[in-house]
Structure formats: C-alpha cells, structure tokens
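If you want the building blocks of each chain, they are given just below.
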Amino acid sequence: MVRSKLLKLTPTEFENLIYDLMILNGLQNAVWRTPGADGGRDIEGQALSIDLSGNIEMQKWYVECKRYSKSIDWPTVYGKIAYADNHGADYLLLCTTTSYSPNCKTEISNWNRARRRPIVRVWDSVELERKISHESVLLIKYGLEFNDKIIESSIFSLTQFLTKVVQGLYGLLAIDPISSNFLMSIELSAALSELISVRTESAKLGDCGNWKKFRLDKDLYDWCNVDPLVSLSGADCHGLRALLASIRYFNRSDTIKILPADRTTIETAEDTVFYIQPSIDLSASAVTEAFRIISLWSNLEITADINQIKIILRQQ
C-alpha cells in the first residue's frame with residue numbers, strides 16, 4: 001500500500017521524504033547537492049561510526065532518490081558511483097521505489113567485495129517501505145497512511161517538547177512570573193500547541209500537505225526584525241512561528257534578526273535561504289532535537305552556519 005502511494009508522489013516530494021527519512025535515521029549536516037546528472041537532487045551528509053576499539057569516525061554519505069517503476073540497471077548505478085566518488089563520498093545509498101536487476105545486484109556485490117570506494121548500499125522498494133512504515137511522521141506528512149493510532153504517534157515528539165516547556169513554566173511561575181524568560185516560555189508553548197493542533201486536524205482530514213503560508217503582516221512576532229530582501233511568503237506559517245519561538249526560547253534574546261543569504265554561497269538557484277541571528281550552540285542535544293522535530297513538521301530545513309542559523313525553505 002505504501003509503495004503504490006510513493007509512486008504517486010512528485011519527484012520533489014519523494015526527494016523530500018527521503019531527506020526526512022535520512023534525518024530520522026541519524027544523518028547529520030545534511031545538504032542538497034543539485035542538480036544530479038538526471039536533474040534530481042542528491043543528499044550529502046555525515047554519519048558517525050564507532051568501531052570495536054571505541055574510535056569514532058565521521059563518514060561521508062551520498063544518498064540517491066529514485067522514484068522509478070522499472071528495475072534499475074548497473075550502468076545507472078555505476079554513474080551514481082562515479083559521481084559520489086568524485087565528491088569524496090565514503091558511502092553511496094540508493095533509495096528506490098523499485099528493484100535492482102539481477103546483473104546490477106551482482107555488480108554491486110562485486111564492487112563492495114573488492115573494497116572499492118564508495119561502498120554501495122541499496123534500499124529497494126521492500127526495504128524502503130519497511131523503513132518508512134516505522135516512521136509515523138512521514139506516513140502522515142506525505143499522505144501515505146492515516147488512522148488514529150498513527151496520528152497520535154506522529155505528534156508524540158512535538159507533544160513531549162511542549163510538555164517539557166510547560167513543566168519549566170511551572171518553576172518560573174513560582175520564581176518570577178513577569179520575567180522575560182516566563183513570557184518566552186508562554187510564547188513557545190502557544191506556538192507548539194498551535195502547531196500540534198493544526199497538524200492533528202489536517203491529519204484527521206487526510207490533508208497534511210495543505211499548510212498555511214506565512215504572512216508577514218499577520219504572522220510575524222513583534223520581536224522579529226526581517227530584512228526587506230527576505231521573502232517568507234513560501235514558509236509554512238505554524239512551523240516557522242514555532243521555530244522562531246524556539247530560537248528565542250533557547251538563546252534568550254530580546255530580538256531576532258532574519259537576514260538574506262549571500263547568493264554566491266547557495267548551492268542552487270531554486271533554494272530560498274535566509275539566516276537568523278543570534279545563533280545557538282547546535283551541539284546541545286535539546287536544541288538539535290527541538291529543531292529536528294519542528295523541521296519534520298514544516299517545510300524548513302535547519303543547519304548551523306558559524307555565527308548564525310541557516311534556514312532553507314524547502315522546494316515543494
């Protein structure tokens with residue numbers, strides 16, 4: 001059932017789904033590399049590997065997204081191997097909605113047996129469906145499956161985050177209920193509650209893709225300063241509000257600036273990129289987890305960039 005619905009996704013929707021799946025599977029510092037030889041987008045990221053001695057190695061992964069109905073042959077895979085090798089990848093992961101030809105499977109085995117780089121890993125339609133079926137957020141977000149149990153499971157992480165913020169509010173209430181920290185916590189609680197509410201309602205209606213677009217005149221917080229060159233009109237309203245409130249909550253800033261990106265630093269002309277200052281230490285697990293949860297329920301991709309937070313408005 002999931003596979004048949006995967007084939008109905010647009011190529012861009014399928015690529016976005018694979019990106020989200022990689023994040024859920026622990027890929028770090030994920031970025032798009034575009035265009036590929038076939039016009040599609042490649043995902044580049046890093047994964048930690050710990051060997052028996054306790055040595056930690058950071059591996060570079062390239063991920064290919066193939067929404068095909070016919071089996072994939074060896075020449076296609078070999079072309080992707082060459083591309084990944086030219087970019088110094090340690091691993092190449094091929095994710096597809098179909099299968100690999102018998103000859104292709106043999107050649108991949110021969111390649112890996114010869115210990116050549118990059119090492120090739122494959123997720124065919126069966127494995128991909130199994131992976132996605134374990135991620136309720138993706139099932140709901142991409143309209144693959146809907147029932148009350150999956151809906152409840154999909155918003156669990158958001159609800160957990162909200163619960164922690166509310167628990168902190170109780171302590172602040174006893175200490176100083178008129179402090180700026182208290183007000184920031186209230187604001188974040190409201191943003192998260194709103195995000196949970198609208199996502200749950202959309203899921204029950206089977207229409208999670210129809211998200212409200214951000215309006216600068218109505219949806220922007222008064223403590224946000226937006227550069228005139230930045231356009232937020234394509235951003236998901238509730239996701240962006242939750243993100244902005246989270247950033248302010250973690251860095252305790254009175255104001256937040258939203259700045260345009262230098263176009264020369266952007267990988268593709270299609271990317272809508274902006275920066276938020278001041279930045280946050282994204283090495284803190286609570287911060288990275290919060291941003292990961294919000295980005296999964298929005299069309300925003302969040303990464304660290306020296307002294308500021310880099311936001312990519314996802315292609316739809």
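For the structure, see preceding data.
Residues numbered from 1 in each chain as written. Predicted model: local features only at pLDDT ≥ 70, side-chain atom pairs only at ≥ 80, totals over all residues. Heavy atoms only, no water.

(A) Quick peek at the overall build of the protein. Looking only at helices and strands, one finds twelve helices and ten strands in the protein. Taken over the C-alpha trace, the protein has a radius of gyration of 21 Å; the compact-globule value for 316 residues is 20 Å, and the two agree within 12%. With respect to the principal axes defined by its C-alpha atoms, the protein has extents near 70 × 45 × 40 Å. Burial status across the protein gives 48% buried among its 316 residues. Taking as baseline every contact in the protein between residues at least 6 positions apart, the subset at least 24 positions apart corresponds to 66%. Summed over its atoms, the accessible surface of the protein is roughly 15600 Å², and 51% of this surface lies on carbon and sulfur atoms. (Helix = DSSP H or I, 4+ residues; strand = E, 2+ residues; numbered from the N terminus. Rg over C-alpha atoms; globule rule 2.2 N^0.38 Å. Buried < 20%, exposed > 50% of the residue type's maximum accessible area, 1.4 Å probe, protein only. Contact = heavy atoms within 4.5 Å. Areas by Shrake-Rupley, 256 points an atom, 1.4 Å probe, with all protein chains shown as cover.)

(B) Molecular detail of the packing of helix α11 (residues 237-251) against helix α12 (residues 285-296). It is the contact of α11 with α12, at a shortest axis distance of 10 Å, that shows an interaxial angle of 170°. Relative to α12, the element α11 lies roughly antiparallel. Between α11, through G239, A242, L243, S246, I247 and F250, and α12, the contact on the second element is made entirely by A286, V287, A290, F291 and I294. Considered class by class, the residues forming the contact of α11 with α12 number nine nonpolar, two polar and no charged. (Axes fitted to C-alpha atoms, helices over the stretch in contact; angles between N-to-C directions. Parallel < 35°, antiparallel > 145°, perpendicular 65-115°, else oblique. Nonpolar A, V, L, I, M, F, W, Y, C, P; charged D, E, K, R; others polar.)

(C) Broad picture of the sheet that holds strand β3 (residues 56-66). Judged by pairing direction, the sheet is mixed, and its five strands sit side by side in the order β1-β2-β3-β4-β5 without closing on themselves. With one partner strand each, in any of the chains shown, β1 (28-33) and β5 (119-123) form the two edges of the open sheet. Neighbouring strand axes in the sheet, compared pairwise and without regard to direction, differ in orientation by 25° on average. Bridge count between strand β4 (residues 91-96) and β5: five bridges; the pairing is parallel. Paired with C95 across the strands is W123, a residue of β5. In the packing of helix α2 (residues 11-24) onto the sheet, the strands contacted are β1, β2 (42-50), β3, β4 and β5, and the crossing angle to β3 comes to about 160°. (Pairing = 2+ DSSP bridges.)

(D) Fine view of unusual backbone geometry. Here R117 and P118 are connected by a cis peptide whose omega angle stands at -5°. For P118, the position within the fold is in the loop between α4 (102-113) and β5. The residue after Q277, namely P278, is reached through a cis peptide bond having omega 0°. Non-glycine residue R115 carries a positive phi angle of around 60°. In this structure R115 comes out as exposed when scored by relative accessible area, which is 75%.

(E) Representation of the environment of K218 within the structure. By the secondary structure assignment, K218 is in helix α10 (residues 216-219). Separated by 29 residues in the primary sequence, K218 and S189 place their C-alpha atoms 19 Å from one another.

(F) Spotlight on the nonpolar core. With 78 residues, the main nonpolar core has I18 and I132 as its most contacted residues. Per-element tally for this core: the top contributor is α11, with eight residues. Counting 14 residues, the second-largest nonpolar core is a separate cluster that includes Y62, A89, Y100 and V120. (Core = buried A, V, L, I, M, F, W, Y, C linked by side-chain atoms within 4.5 Å.)

(G) How the structure looks around the packing of aromatic side chains. In this structure the tally under the stated criterion is nine aromatic pairs. Centre to centre, the rings of W61 and Y91 are 4.4 Å apart; their planes meet at 5°, and the pair counts as stacked. With W61 in strand β3 and Y91 in strand β4, this residue pair connects regions lying 30 residues apart in the sequence. Neither W61 nor Y91 differs from the other in exposure class; each is buried. Taken together, a centroid distance of 5.9 Å and an interplanar angle of 70° make the contact between Y62 and Y83 edge-to-face. Taken as a pair, Y62 in strand β3 and Y83 in helix α3 (residues 74-86) lie far apart in primary sequence, 21 residues in all. For Y62, a relative accessible area of 2% puts it in the buried group. A relative accessible area of 23% places Y83 in the partly exposed class. What links up through ring pairs into an aromatic cluster is the set F161, Y249, F250 and F291. (Phe/Tyr/Trp six-rings, centres within 6.5 Å; stacked < 30°, edge-to-face > 60°.)

(H) View of empty space enclosed by the protein. Under the criterion given, the structure shown has one cavity of 30 Å³ or more. In this model, the largest cavity occupies a volume close to 40 Å³. In terms of lining, the largest cavity is formed by K66, I72, T76, V77, K80, L94, C95, T96 and Y100. Elements with a minimum of two residues in the lining of the largest cavity: α3 and β4. (1 Å grid on protein atoms, 1.4 Å probe; cavity = no way out; pocket = protein on both sides within 12 Å on 5 of 7 lines; lining within 4 Å. Points joined across faces, edges and corners; volume = space filled by probe spheres on them.)

(I) Focus on the packing of α3 against α4. Put simply, α3 and α4 touch, their axes get as near as 9 Å, and they point 35° apart. Note on element contacts: α4 touches α3 through N103, C104, E107, I108 and W111, opposite W74, V77, Y78 and I81. Classifying every residue of the contact of α3 with α4 gives seven nonpolar, one polar and one charged.

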